[in-house]
Amino acid sequence: MTQEDQPVREIRINPVVPGESVLIATARGMRPKKAEDPPPRDDRSCVETCPFCRGNEHMTPPDISSHTDADGWKIRIVENLYPVLGDDRDGQGLSLGLQQTIDGYGRHEVIIDHDNHGIALHDMSSSHIALLFDAYRQRMQQLYEADRRLRYVLVFKNYGPAAGGSIPHTHSQLIATPVIPEHVHREVQDSLAFYTRHGRCIFCALIDEALTFEATIYDRASGEVKRRIDVGQYVVERGERFIAIKPFASRYEWELHILPLAHEADFLNATREDMADFARVLRRTMARLDAVLGGVQYNYFLHSLPHDPGCDRCGDSYHWHLEVCPRTSIPTGFELGSGFFVNTVSPEDAARRLREAVID
Ligand SMILES: [Zn+2]
Ligand SMILES: [Zn+2]
Ligand SMILES: [Zn+2]
């Protein structure tokens with residue numbers, strides 16, 4: 001029996017957010033998965049009705065901004081027609097005893113990623129992906145500058161119906177809120193706690209560990225060495241400035257994080273050279289996922305330093321990153337009821353398969 005055939009069953013603690021645990025249970029990988037057709041690629045059948053296709057610009061709100069070349073627009077940012085948050089409302093949030101609300105104020109915008117309706121991310125050119133992420137960066141900057149009340153702009157992408165994508169034309173979204181979203185807040189606070197104890201950024205520490213190829217796991221009770229693991233095995237893709245890592249405590253079977261190798265908390269500080277290398281690493285990472293999974297449906301989202309994070313040292317302790325979460329299983333009552341994530345593919349095995357995938 002080879003190592004990857006042996007079922008893994010263990011609880012792993014997320015090193016960045018220790019309150020979050022993942023149950024790695026590979027024997028459960030035998031469960032049938034819900035079959036989902038991947039989104040159609042290069043499907044032109046609905047170009048007449050697609051609000052995001054070229055020629056149908058009248059079907060969306062007007063451009064907030066756009067990137068164009070001689071052939072027309074390449075990327076457009078427009079208001080979301082069905083925003084989850086709206087314009088300023090009068091008055092404060094309602095308070096109904098224990099049921100509290102906060103104001104639903106914020107922005108919800110759509111970024112039309114490409115003029116090609118069905119193009120997958122890994123089929124876009126690296127220069128286009130760099131342009132796309134620079135469009136995110138510029139818009140985030142504008143929003144923070146225009147409204148000091150906004151504390152966070154979350155950029156995300158839902159690709160495919162299994163990931164909640166409702167319009168097949170490739171697009172991403174941003175939601176700007178006057179509060180820091182809970183997941184970001186926990187990462188920022190927990191990485192600050194690590195920084196306070198150890199004097200360094202936990203993300204930098206994890207990257208260093210991955211690049212030195214060894215980590216030691218200690219028994220919590222006795223403090224004795226339980227085993228040594230090859231941490232380099234979690235590196236899936238490496239560029240000059242960015243790295244794609246399969247997290248040790250991955251919540252999702254094929255989850256990957258892309259981080260700058262040099263410490264930087266704020267995505268807004270990414271330079272043109274950073275964007276170019278990031279785009280190459282992301283494109284190759286998505287190509288690996290596609291090669292292994294064959295038509296991957298996923299969410300990705302950007303985690304960066306909040307605007308006014310509430311601490312002076314957060315710029316030293318936090319480290320921006322993109323989380324890519326392919327959706328290959330559906331959370332069950334156990335996950336929803338317990339808060340545990342259940343991952344049925346061992347992260348070591350997933351990383352190896354992704355690394356060995358043959359891509360252009
Ligand atoms: Zn379209
Ligand atoms: Zn760092
Ligand atoms: Zn994160």
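Analysis parameters
- Residues numbered from 1 in each chain as written.
- Chains lettered and ligands numbered in written order.
- Predicted model: local features only at pLDDT ≥ 70, side-chain atom pairs only at ≥ 80, totals over all residues.
- Heavy atoms only, no water.
- Helix = DSSP H or I, 4+ residues; strand = E, 2+ residues; numbered from the N terminus.
- Buried < 20%, exposed > 50% of the residue type's maximum accessible area, 1.4 Å probe, protein only.
- Contact = heavy atoms within 4.5 Å.
- Areas by Shrake-Rupley, 256 points an atom, 1.4 Å probe, with all protein chains shown as cover.
- Donors = N, O, S within 2.8 Å, 3.2 Å for Na, K, Ca; no water.
- Pairing = 2+ DSSP bridges.
- Axes fitted to C-alpha atoms, helices over the stretch in contact; angles between N-to-C directions.

The subject of this paragraph is the overall build of the protein chain. Secondary structure summary: the protein chain contains seven helices and 17 strands in total. Within the span of the protein chain, comprising 360 residues, buried residues form 49% of the whole. Once local pairs closer than 6 in sequence are excluded, the contacts in the protein chain between residues at least 24 apart make up 68%. Element-wise, carbon and sulfur atoms account for 51% of the exposed surface of the protein chain, whose accessible area totals about 17800 Å².

One can find A276 in helix 4 (residues 272–293). By relative accessible area, A276 is classed as partly exposed at 29%. Considering only alpha carbons, one finds A276 and A130, 146 residues apart in sequence, at a separation of 5.5 Å.

This next bit is on the coordination of the zinc ion (ligand 3). Six octahedral donors around a metal ideally make angles of 90 or 180 degrees; four tetrahedral donors ideally make 109.5 degrees. Within the protein, the zinc ion (ligand 3) binds to E187 (OE), E187 (OE), H303 (ND1), H321 (NE2) and E323 (OE); these donor distances fall in the range 1.9 to 2.6 Å. Mapped onto the sequence, the residues coordinating the zinc ion (ligand 3) show the spacing E-x115-H-x17-H-x1-E. Within this pair, whereas H303 is found in strand 15 (residues 298–303), its partner E323 is found in strand 16 (residues 321–326), the two being separated by 20 residues in sequence. Overall, the relative accessible area of 4% leaves H303 in the buried class.

The subject of this paragraph is the sheet that holds strand 2 (residues 21–25). Taken in spatial order, the three strands line up as 1-2-17 in an open sheet, and their pairing is mixed. Looking at the sheet topology across the chains shown, the edges are occupied by strand 1 (9–13) and strand 17 (341–343). Across the sheet, the mean angle from the axis of one strand to that of its neighbour is 25°, orientation sign disregarded. In this structure, strand 2 lies alongside strand 17, joined through three bridges in parallel fashion. Note on strand 17: the bridge partner recorded for L23 is V342.

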